[in-house]
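One letter stands for each residue in the lines below.
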Amino acid sequence: MTTTLPDASPGSLRRFLHGLPGVDEVGAVGRTTALGTRSIKKDAKAWAIDTAISMVDLTTLEGMDTPGKVRALCAKALRPDPTDPTTPSVAAVCVYGDLVEVARAAVGDAVHVAAVATAFPSGRASLAVKLADTAEAVAAGADEIDMVIDRGAFLAGDYDLVFEEIVAVKQACGSAHLKVILETGELRTLDNVRRASWLAMLAGGDFIKTSTGKISPAATPPVTLVMLEAVRDFHAATGRLVGVKAAGGIRTSKDAVKYLVLVKETAGEQWLSPDLFRFGASTLLNDLLLQRQRLATGHYSGPDYVTID
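Our subject in this report is the structure included herewith. Please read these numbers as outputs of a predicted model, since none were measured by experiment.

Before going further, it helps to spend a moment on the layout of surface pockets. In this approach, a probe sized like a water molecule rolls over the atoms, and the result shows the empty space that is left. When its volume is computed, the largest pocket comes out at roughly 560 Å³. Forming the walls of the largest pocket are 29 residues, and the residues nearest its centre are Thr-59, Glu-62, Gly-213, Ala-281 and Ser-282. Listing elements by their share of the lining of the largest pocket, those giving two or more residues are helix H4 (67-78), strand E7 (243-247), strand E8 (277-281) and helix H12 (284-297). Considering only residue class, the lining of the largest pocket consists of 11 nonpolar, 11 polar and 7 charged.

One closed barrel holds the 8 strands; their spatial order is E1-E2-E3-E4-E5-E6-E7-E8, and the pairing between them is parallel. Within this sheet the neighbouring strands show an average axis-to-axis angle of 25°, counted without direction. Here strand E1 (residues 56-59) runs beside strand E2 (residues 92-96); their pairing, made up of 3 bridges, is parallel. Bridging from a neighbouring strand, Asp-57 pairs with Ala-92 of E2.

Turning next to the nonpolar core. Within the largest apolar cluster, 88 residues are counted, with the highest numbers of intra-cluster contacts made by Ile-166, Phe-277 and Phe-279. For this core, the leading source of residues is helix H10 (residues 221-238), giving 8 residues. In this structure, Phe-277 is in contact with Met-55, Phe-207, Thr-224, Leu-228, Val-244, Ala-246, Tyr-259, Val-263 and Trp-271, ignoring residues within four places of it in sequence. Counting 7 residues, the second largest nonpolar core, distinct from the first, contains Cys-94, Val-116, Phe-120 and Ile-181.

What follows concerns the pairing of strand E4 (residues 144-148). With respect to burial, E4 is a largely interior element, 5 of its 5 residues being buried. Burial of the side chains of E4 extends over both faces: Glu-144, Asp-146 and Val-148 are buried on one face and Ile-145 and Met-147 on the other. The sheet contact formed by strand E3 (residues 112-117) and E4 spans 4 bridges and is parallel. In the sheet register, Ala-117 faces E4, and the bridge partner there is Met-147. Examined bridge by bridge, E4 and strand E5 (residues 177-181) share 5 bridges and lie parallel to one another. Looking at E5, one finds that Glu-144 is bridged to His-177.

This paragraph deals with H12. Here H12 spans 20 Å end to end across 14 residues, near enough to the 20 Å set by a 1.5 Å rise per residue. The buried fraction of H12 is high, at 10 of 14 residues. Buried within H12 are the following residues: Leu-284, Leu-285, Asn-286, Leu-288, Leu-289, Leu-290, Gln-291, Arg-292, Gln-293 and Leu-295. Among the structural elements, helix H3 (42-54), E1, H4, helix H11 (253-266) and E8 are those in contact with the buried residues of H12. Phi for Gly-298, located one or two positions after H12, is positive at around 90°.

Moving on: the side chain of Glu-144. Considering the arrangement of structural elements, one finds Glu-144 in strand E4. Only 2.6 Å separates the side chain of Glu-144 from the side chain of Lys-179, close enough to count as a polar contact. Polar side-chain contacts of Glu-144 include one of 2.8 Å to the side chain of Arg-278.

Moving on, we get to the environment of Cys-74. With respect to the helices and strands, Cys-74 occurs in helix H4. As a C-alpha pair, Cys-74 and Phe-207 span 133 residues in sequence and 22 Å in three-dimensional space. Those residues in contact with Cys-74 that lie beyond four places of it in its chain are Val-93, Ala-103, Ala-106 and Val-107.

A separate point is the environment of Ser-9. Checked against the element boundaries, Ser-9 lands in the segment before helix H1 (12-18). Judged by relative accessible area, Ser-9 falls into the partly exposed class, the value being 31%. Each C-alpha atom of the pair Ser-9 and Leu-182 lies 25 Å from the other, and the pair is 173 residues apart in sequence.

Here we come to the pairing of E8. Look at any regular strand and the pattern is simple: side chains alternate between the two faces of the sheet. Counting buried positions over the 5 residues of E8 gives 5, a clear majority of the element. Side chains Phe-277, Phe-279 and Ala-281 of E8 all project onto a buried face; the interleaved residues Arg-278 and Gly-280 project onto the opposite face, where all are buried too. Pairing between E1 and E8: 3 bridges, direction parallel. Across the sheet, residue Val-56 finds its bridge partner in E8, namely Phe-279. Bridge analysis of E7 against E8 gives 4 bridges, and the strand direction is parallel. From the neighbouring strand, Val-244 faces E8, where its bridge partner is Phe-277. Where the polypeptide runs from E7 across H11 and back to E8, its parallel neighbour, the crossover connection is right-handed.

Rules behind the numbers
Residues numbered from 1 in each chain as written. Predicted model: local features only at pLDDT ≥ 70, side-chain atom pairs only at ≥ 80, totals over all residues. Heavy atoms only, no water. 1 Å grid on protein atoms, 1.4 Å probe; cavity = no way out; pocket = protein on both sides within 12 Å on 5 of 7 lines; lining within 4 Å. Points joined across faces, edges and corners; volume = space filled by probe spheres on them. Helix = DSSP H or I, 4+ residues; strand = E, 2+ residues; numbered from the N terminus. Nonpolar A, V, L, I, M, F, W, Y, C, P; charged D, E, K, R; others polar. Pairing = 2+ DSSP bridges. Axes fitted to C-alpha atoms, helices over the stretch in contact; angles between N-to-C directions. Core = buried A, V, L, I, M, F, W, Y, C linked by side-chain atoms within 4.5 Å. Buried < 20%, exposed > 50% of the residue type's maximum accessible area, 1.4 Å probe, protein only. Contact = heavy atoms within 4.5 Å. Expected span 1.5 Å × (residues − 1). Polar contact = N/O pair within 3.5 Å; in protein donor to acceptor, adjacent residues only side chain to side chain. Right-handed = clockwise from strand over helix to strand, strands pointing away.

This is the structure:
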């Protein structure tokens, strides 16, 4: 796809976003369904499970989170299967900003610490509050920030406001990476998902993320397909690599493997890395560990093989 990027002239961003090709929703569903039927051989499945483990942002975002719960989560992030040191660590732990310092002390530099910010999950706060939220998390040790866009502004067509907020938050991140949460379940159409994806990348996002995990639907294969197409086309137009994070509702190894097939067939093998693709999850890791153990031993372990998060 040949893309002429927007300039600084009035209305340029709107014209660009509304000039993007429309999404064939039926086609998107059909393609993801077809890719989901691919059979995976045992060796490839073992690789896919380890790769998926290494892509997990192990997450706890509950009002009842405690320092003790976060430390336990961090221990699991570092050594997902204490009985098998060959099991890879996860990519990151993801927590609320006030628990970042606890997480960083627990993991050191071994895995990333991601903090949700900018009035997560609603995004309903002033820009000053959002920037303070971001700066405090970075100062506490977060090297990744997961921000939420103002969906109300986006749906009202105020693209410049959303763009400017992302730019400002990116600046507040300093050297930390910025993941921009689109909350695709509230965007209503795949055309809007494509527009929001491009807007977030143009504003400087390092990742585009499907969802907060707090509303349904969250991540879906058609939504992720559109976002993967967007990062692929953005790279072709700009040379800049942007990652995708699928978050919310991905609970089984089977589903994770389907997403990896989707990544490879849509964006390409370069995105099969924790640097460019992540799963935001709390329960997915347990099923990945159970399936990994089954592949190694030929049988399933009991329910006490993995910890309950």
